[in-house]
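# Descriptive structure summary
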Amino acid sequence: MDMTDDPRGTTPADDEHSTRVALVTGGSRGIGRATVLALARDGFDVAFCYRSDDEAARTLEKEAAQYGGRATGARVDVADAEAVRTWIGGVEEELGPLDAVVTAAGITRDNPLVLMDDQEWHQVLDTNLDGVYHVCRAAVFGMMKRRTGAIVNISSVAGVYGHATQTNYSASKAGIIGFSRALAKEVGRSGIRVNAVAPGFIETDMTAAMNDKARKDAMKSIPLRRMGRADEVADLVAYLVSGPAAYITGSVLQIDGGITI
Ligand code: NAP
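A quick note: this is a predicted structure, and the numbers were derived from the prediction, not measured.

### Focus on unusual backbone geometry
Even without being glycine, Thr-165 reaches a positive phi, approximately 70°. Positive phi, close to 55°, is recorded for Arg-225, a residue that is not glycine. Counting through the fold element by element, Arg-225 comes out in the loop between α8 (212-221) and β8 (228-229). Taking the relative accessible area as the measure of exposure, Arg-225 reaches 52% and is therefore exposed.

Pasting the structure below:
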């Protein structure tokens, strides 16, 4: 079936594979967690990974399963290429071929460049950018063989405009945008769509660390005068992997309350 004929935009149904399967990195908390729930709500079986929070993962599995599909979390460091390959191979065997991939795993290690140490630089690049490469590299061949699939990589407005004290994070998130656009050009002819989502300030554990002044300053510059919610980002991601988004690829969708206007 041609991609344009597929009303769901991600995969053709066949006898062996009638439920769509999604893979989400960084699923235990924040935007990734909300994405797991949104995709489960939309009928996907969902496999997600996380770095350390087993308890959050078990709770999420139960919550997502209430939508009727399967949800399974695994402790996998996205910076570890071999671990990612093994995880994705196992997911494809257990749940079936991947229809949607969402890379939400990400970390910050903020410091002005003049004070930044090599570890802070490399940890952020290894997780945020190499992690996206590892996951997409392991997932894309299966999608190409089936000539269908949707990938959404979570970038940041920091990757579009740059944030002071976040040269490492901004570089990783800008890298994700270049990566996603290049991959969209490579695999469009195989029926695969690749998009990036660039959130502004979203209420999660990541932004909970902001001090009062940073929060007040941010609020002043957001026209909508509030931070975003993880479920708002998740709904955008769920849209991007759905049928109505079948003609969207290579895009960078900002969801930021207008902070970048
Ligand atoms: P968060 O609440 O800190 O959650 C991060 C998630 O990523 C957790 O599930 C964590 O697992 C997982 N993770 C971290 N390192 C990992 C690794 N090496 N391997 C596998 N999983 C890993 O973050 P968030 O705010 O939801 O952010 C999600 C994504 O959105 C990130 O890419 C972030 O850069 C991006 N983003 C966030 C904002 C914002 O304002 N919050 C804005 C723009 C972009 P554990 O629970 O096991 O630690």
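### Quick look at the site of the ligand
Ser-28, Arg-29, Ser-52, Tyr-169 and Thr-204 are the nearest of the 31 residues found near the ligand. Arg-29 has a polar side-chain atom sitting 2.7 Å from an oxygen atom of the ligand. Backbone polar atom of Ala-104 to an oxygen atom of the ligand: 3.0 Å apart, as the coordinates give it. Relative to its free-state accessible area of 890 Å², the ligand is covered by the protein chains to the extent of 97%. Of all the elements, helix α7 (residues 205-208) adds the most residues to the shell around the ligand, at three residues.

### Structural notes on helix α1 (residues 30-41)
Helix length check: α1, at twelve residues, gives a terminal C-alpha distance of 17 Å against a target of 16 Å (1.5 Å per residue), a fit within 8%. Within α1 the residues assigned to the buried category are Ile-31, Gly-32, Ala-34, Thr-35, Val-36, Leu-37, Ala-38, Leu-39 and Ala-40. Note on α1: the residue one or two positions beyond its end, Gly-43, has a positive phi of about 100°.

### Focus: the side chain of Thr-25
As for its position among the elements, Thr-25 is in strand β1 (residues 21-25). For Thr-25, the contacting residues outside a window of four places in its chain are Gly-32, Cys-49, Val-78, Trp-87, Val-102, Thr-103, Ala-104, Ala-105 and Val-135.

### With respect to the sheet that holds strand β2 (residues 45-50)
An order of β3-β2-β1-β4-β5-β6-β9 is seen for the seven strands of this open sheet, with the pairing classed as parallel. For this open sheet the edge positions go to β3 (71-75) and β9 (252-255), each flanked by a neighbour on one side alone. Here the average twist between neighbouring strands, direction ignored, is 15°. Where β2 lies against β3, five bridges are found, and the strand directions are parallel. Following the sheet pairing, Cys-49 is matched in β3 by Ala-74. Sitting on the sheet, helix α3 (residues 81-95) is in contact with β1, β2 and β3, with an inclination near 160° to β2. Contacting β4 (100-103), β5 (149-154), β6 (192-199) and β9, helix α9 (residues 230-240) crosses the sheet at an angle of about 165° to β6.

### Notes on the packing of helix α4 (residues 118-146) against helix α6 (residues 167-187)
For the pair α4 and α6, interaxial distance at closest approach is 8 Å and the crossing angle is 15°. Between α4 and α6, the angle falls in the class roughly parallel. As for the relative orientation of α4 and α6, their crossing is right-handed in sense. Contacts between α4 and α6 pair Glu-120, Trp-121, Val-124, Leu-125, Asn-128, Leu-129, Val-132, Tyr-133, Cys-136, Val-140 and Met-144 from the former with Thr-167, Asn-168, Tyr-169, Ala-171, Ser-172, Lys-173, Gly-175, Ile-176, Phe-179, Leu-183 and Val-187 from the latter. Here the contact of α4 with α6 is built from residues that sort into 15 nonpolar, five polar and two charged.

Criteria and cut-off values
Residues numbered from 1 in each chain as written. Predicted model: local features only at pLDDT ≥ 70, side-chain atom pairs only at ≥ 80, totals over all residues. Heavy atoms only, no water. Helix = DSSP H or I, 4+ residues; strand = E, 2+ residues; numbered from the N terminus. Buried < 20%, exposed > 50% of the residue type's maximum accessible area, 1.4 Å probe, protein only. Near = heavy atom within 4 Å. Polar contact = N/O pair within 3.5 Å; in protein donor to acceptor, adjacent residues only side chain to side chain. Areas by Shrake-Rupley, 256 points an atom, 1.4 Å probe, with all protein chains shown as cover. Expected span 1.5 Å × (residues − 1). Contact = heavy atoms within 4.5 Å. Pairing = 2+ DSSP bridges. Axes fitted to C-alpha atoms, helices over the stretch in contact; angles between N-to-C directions. Parallel < 35°, antiparallel > 145°, perpendicular 65-115°, else oblique. Left-handed = near helix turned anticlockwise from the far one by under 90°. Nonpolar A, V, L, I, M, F, W, Y, C, P; charged D, E, K, R; others polar.

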